[in-house]
Amino acid sequence: MSIHAEPIATFEYELVDGRVGTCAHVFADSELITAIAHDHSLQQLANVTSLPGLYGCAFGMPDMHEGYGFPVGGVAATALPDGVISPGGIGFDINCGVRLLATDIDRASFAPYRERVVHDISRTIPSGYGHGGRLTLERDVLARVLEGGCRALLDELDAGLPEDLDVIESGGTLAGADPTAVSERAYARGSDQLGTLGGGNHFVEVGLVDTVFDEASAARLGLYAGTITVLIHTGSRGLGHQVCTDFLALMDEAQARFGIALPDRQLACAPLSSPEGRRYLAAMRAAANFAFANRQLIAHRVRAVFRRHLGVEHTLRLVYDVGHNTAKIERHGKRELCVHRKGATRAFGPSSTEIPVRYRGVGQPVFIPGSMGTASYVLVGTDEAAARSFASVCHGAGRVLSRGAAKRQVMGNELRRTLESRGITIRCPSNQELAEEAPEAYKDIDRVVDVVVGAGLARKVARLVPLGVVKG
Amino acid sequence: MPGTPTAAGPVVASHAFEQHTGEVKVRLEANQLSELFAEAARALCELLGSPTADAPSEWQRVTVIARDRDALLVAWLNELVARTEIDHLLYREVAITDLTEQRLDATIRGVPFRETRTAVKAATFHGLQIAVEPSGASATVVLDV
């Protein structure tokens, strides 16, 4: 039987592939599910249900598209103690995520500085494949960052503000990280990459709060209509990539010993109770801490850029920082679960004690960037999402075109001119790379967010529009 | 060296990039398996960036060991991804000196690159297929980008 999706509720579909006892649901509307069914992501989500110890259903988010192993936009939980952890359920870019900073600067005040601020950010934040930063860390300092994340970065480099830690997922440090579980090659790749964007769809975006949907919630987040924001999207760089590479090979070797047979080798996994599973979890947490610290250092440098051009009185306040490529041990109901989110964002509700005190009663902030030149959304999680999706929502608009197809359909130089004619300053090393991230290559962000809200997974707080984009 | 005639006849190898929504899928073809692995390195370089006209590095010996042939191709590409990032060199010149199901020995040398194109994070097992026929070898591999 070929795999297909059948509607079971408003904005929710169930995968049907002829197997009994497996469960996979996708949050989508009729248009999005048609786009999702266009590639192999439904099959990839079905494959996820083969993971030993899977608890409940695997979930696909409305931005889901074909990845490797897990689909991008896939969520799956395994039950402790013997459920598995799969590096392919997290991805190579461990704890890739998004951080939002808010200002009290209005659009008119910022307008004279826009070009030079965006240009200065592009000069200050190294980007592109393999490009190291202006900082090379000694091995012992790097080890402390891997163990301590943002707290260590504050202690070691005075990068950031102490109050930032309150509004970073897990305080910017995943406990249980073990720097000795990270290979020497990963250290070598990461030693000069702290504070760098990398390539692909990573970016720093200077934006504007264009619409506020919920003034009370927006005010709790420090967001006001017409003010300037900065959105940072990047991850754990080569260090994280190498951690995933190392442990995928290790787990692939161990599948037979564990008696695990999977439809895709990229799903290779190990029981969380095994030495391999525990060591990967500790290494993955170390890479996640590197990613938190990376976004922290970039934000620190962006703050310096704003100070240089606009003066010291304009502080960039951190709204929140949240990852979308992680596995975290969380309690859902009475069970302790390992929740894999591959291209999906944790979204705890207002009653969660895991979110910052200042956001209790509102919900955990969630950021859903659109494609370059379109809108991004600020949402907050709902309590309802815990039962519906292990408190998870999407992480972006989701690709519909391959990079090659985007380059064939979109002329990068024309796109650059179009965006600049709309008042968006673009800094991207090449027109071809720009074309890869064109709006046409992605699903409609408004539609994706409407599904998230309609399904009850999160609430809209504000909509941001770009004024300047530095592309990785 | 790339393009060097062998006992099996003149080397013929090619690569092409196929459709994949989120990542990059590479199709490789060669008239022998060792040349397929060398072609994989050249495809990776084409994705990663543009070489400068600078003098190449010294030749370096590389050994990769893996569980089977599929894992060997993944491990070989990941070896090159890591070396490229650490050394800031594009390893376009590759000579496979010995190849078994579980071990690859090669010499490689690289050149600095000026412009990056696609940021490759790693090679994956997803959809990986290697076929070896009397007429030649082919493979499809998905790279996370």
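Not measured: the values here are computed from a predicted model. The written sequence of each chain sets the order in which its residues are numbered from 1. Chain letters start at A and ligand numbers start at 1, both assigned in the order the entries are written. Owing to the predicted nature of the model, reporting of local features is limited to residues with pLDDT of at least 70; listing and counting of side-chain atom pairs is limited to 80 or more, with chain, interface and lining totals taken over all residues.

1. A short note on the interface of chain A and chain B
Put simply, the rule is: By definition, residues are in contact whenever their C-beta atoms, placed on the basis of the backbone, come within 7 Å of each other. Think of it this way: any DSSP run of H or I at least four residues long counts as a helix, any run of E at least two long counts as a strand, and we number them from the N terminus. Each residue is assigned to one of three groups, with Ala, Val, Leu, Ile, Met, Phe, Trp, Tyr, Cys and Pro labelled nonpolar, Asp, Glu, Lys and Arg labelled charged, and all others, Gly among them, labelled polar.
Tallying the contact residues gives 36 residues for chain A and 29 residues for chain B. If you list the elements that add at least two residues to the side of chain A that touches chain B, you get strand S4 (54–68), helix H6 (184–190), helix H8 (237–258) and helix H11 (403–409) of chain A. Here the element with the most residues in the side of chain A that touches chain B is H8(A); it accounts for eight residues. Of the residues belonging to the side of chain A that touches chain B, the class tally is nine nonpolar, 16 polar and 11 charged.

2. Quick notes on the packing of H8(A) against helix H2 (residues 69–87) of chain B
Here is the rule: Fitted lines through C-alpha atoms give the axes, limited to the stretch in contact for helices. The angle between two N-to-C directions lies from 0 to 180 degrees. An angle below 35 degrees is treated as roughly parallel, one above 145 as roughly antiparallel, one from 65 to 115 as roughly perpendicular, and anything else as oblique. When the near helix sits turned anticlockwise from the far one by under a right angle, the crossing is termed left-handed; a clockwise turn instead gives a right-handed crossing.
Contact pair H8(A) / H2(B): the axes reach a minimum separation of 11 Å and the direction vectors enclose 160 degrees. Judged by the angle between their axes, H8(A) and H2(B) are roughly antiparallel. Crossing handedness for the pair H8(A) and H2(B): left-handed. Of the residues in H2(B), those in contact with A:Gly238, A:Gln242, A:Thr245, A:Ala249 and A:Asp252 of H8(A) are B:Ala71, B:Ala75, B:Asn78, B:Ala82 and B:Glu85. Grouping the constituent residues of the contact of H8(A) with H2(B) by class yields four nonpolar, four polar and two charged.

3. What to know about the packing of helix H5 (residues 139–157) of chain A against helix H9 (residues 275–310) of chain A
Residue and element names in this part refer to chain A. Taken N-terminus to C-terminus, the directions of H5 and H9 make an angle of 25 degrees; their axes are 7 Å apart at the nearest point. In terms of orientation, H5 lies roughly parallel with respect to H9. Note on packing geometry: the crossing formed by H5 with H9 is left-handed. For the pair H5 and H9, the contacting residues are Val 145, Leu 146, Glu 147, Gly 148, Gly 149, Cys 150 and Leu 153 in the first and Ala 286, Asn 289, Phe 290, Phe 292, Ala 293, Gln 296 and Leu 297 in the second. A class-by-class count of the residues in the contact of H5 with H9 yields nine nonpolar, four polar and one charged.

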